[in-house]
Amino acid sequence: MYDSQPQLRTTFPSIAPSMVLREDTIFRATKNVIELCNIQGIVRQKITFSEKEGSPTHLDINGDYLAVATDTGLIKIFQVTRREPKQLGSPGHFDLWGRTYDYLESGPLNNHAIRSIRCNADGSRVSILADHVR
């Protein structure tokens with residue numbers, strides 16, 4: 001009768017700062033890894049990030065594409081239609097985009113705090129909502 005009403009199916013403990021759901025897979029960011037879990041929270045696969053790349057903090061999934069932002073400002077896009085997620089293109093770095101402006105305005109570099117990330121339907125564009133932190 002109320003098919004559109006959400007229903008609790010299962011629960012599991014997690015300390016992930018960000019999670020997204022695609023069909024029957026939960027993508028959750030933990031430390032330097034994105035874990036691909038089933039609905040019960042059992043890890044089936046992992047996408048690892050090096051210490052230099054940082055820890056994933058923000059995730060967004062739109063259709064077949066996963067956008068990831070890390071605590072170091074790294075931005076990556078993955079196509080998740082295959083068994084193994086495939087990274088698309090080379091990663092971008094959010095801090096680099098603001099550096100020219102920062103040098104012109106104030107001399108030393110300023111930091112940016114990413115609040116959210118969103119990916120378009122074909123994985124070709126990413127939007128970032130961020131705060132400028134001095």
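Residues numbered from 1 in each chain as written. Predicted model: local features only at pLDDT ≥ 70, side-chain atom pairs only at ≥ 80, totals over all residues. Heavy atoms only, no water.

A. Main features of the overall build of the protein chain. A tally of helices and strands in the protein chain yields 1 helix and 10 strands. Element order for the protein chain, N to C, with α for helix and β for strand: β-β-β-β-β-β-β-β-α-β-β. Buried positions account for 38% of the 134 residues belonging to the protein chain. Within the protein chain, residue pairs in contact and separated by at least 24 positions form 31% of the contacts whose partners lie at least 6 positions apart. (Helix = DSSP H or I, 4+ residues; strand = E, 2+ residues; numbered from the N terminus. Buried < 20%, exposed > 50% of the residue type's maximum accessible area, 1.4 Å probe, protein only. Contact = heavy atoms within 4.5 Å.)

B. Structural view of the nonpolar core. Counting residues in each nonpolar core, the largest one holds 13 residues, and the members touching the most others are Phe-27, Ile-34, Leu-59, Leu-66, Val-68 and Phe-78. When residues no more than four places from it in sequence are discounted, the contact partners of Leu-59 are Ser-18, Met-19, Val-20, Phe-27, Arg-28, Ala-29, Ile-34, Leu-66, Ala-67, Val-68 and Ile-117. With 9 residues, the next largest nonpolar core counts Tyr-65, Ala-69, Ile-77 and Ile-117 among its residues. (Core = buried A, V, L, I, M, F, W, Y, C linked by side-chain atoms within 4.5 Å.)

C. Quick look at the pattern of salt bridges. Overall, the coordinates contain 6 salt bridges when judged by the stated rule. For the salt bridge of Arg-28 with Glu-35, the shortest nitrogen-to-oxygen distance reads 2.7 Å. The class for Glu-35 is buried, based on a relative accessible area of 13%. Residues Glu-53 and Lys-76 are paired through a salt bridge, measuring 2.8 Å at the closest nitrogen-oxygen approach. With Glu-53 in the loop between strand E4 (43-48) and strand E5 (56-62) and Lys-76 in strand E7 (residues 74-79), this pair connects stretches of sequence that are 23 residues apart. Looking at Lys-76, the relative accessible area reads 7%, which means it is buried. Each of the salt bridges in this network shares a partner with another, and the network as a whole consists of Arg-22, Glu-23 and Asp-64. (Salt bridge = Lys/Arg side-chain N within 4 Å of Asp/Glu carboxyl O.)

D. Region of interest: the sheet that holds E4. Across the sheet, 4 strands lie side by side as E1-E2-E3-E4; this open sheet has antiparallel pairing. Each edge of the open sheet is held by one strand with a lone partner, namely strand E1 (18-22) and E4. Recorded for the sheet is a direction-independent mean angle of 20 degrees between the axes of neighbouring strands. Looking at chain direction, strand E3 (residues 33-37) and E4 are connected through 5 bridges and run antiparallel. Note that in E4 the partner of Ile-34 across the bridge is Ile-47. (Pairing = 2+ DSSP bridges. Axes fitted to C-alpha atoms, helices over the stretch in contact; angles between N-to-C directions.)

E. Local environment of the layout of surface pockets. In this structure, the largest pocket occupies an estimated 240 Å³ of space. Surrounding the largest pocket, 14 residues form its lining, Thr-25, Arg-44, Gln-45, Arg-82 and Arg-83 being those nearest its centre. Sorting the residues of the lining of the largest pocket by element identifies strand E2 (25-30) and E4 as the ones contributing at least two each. In terms of residue class, the lining of the largest pocket is made up of 4 nonpolar, 3 polar and 7 charged. One number sums up the size of the second largest pocket: a volume of about 150 Å³. Lining the second largest pocket are 13 residues; nearest its centre among them are Ile-75, Ile-77, Ser-90, Gly-92 and Val-126. Breaking the lining of the second largest pocket down by element, the ones donating at least two residues are E7, strand E8 (86-93) and strand E10 (126-133). (1 Å grid on protein atoms, 1.4 Å probe; cavity = no way out; pocket = protein on both sides within 12 Å on 5 of 7 lines; lining within 4 Å. Points joined across faces, edges and corners; volume = space filled by probe spheres on them. Nonpolar A, V, L, I, M, F, W, Y, C, P; charged D, E, K, R; others polar.)

By themselves, these observations are geometric and do not establish any function.
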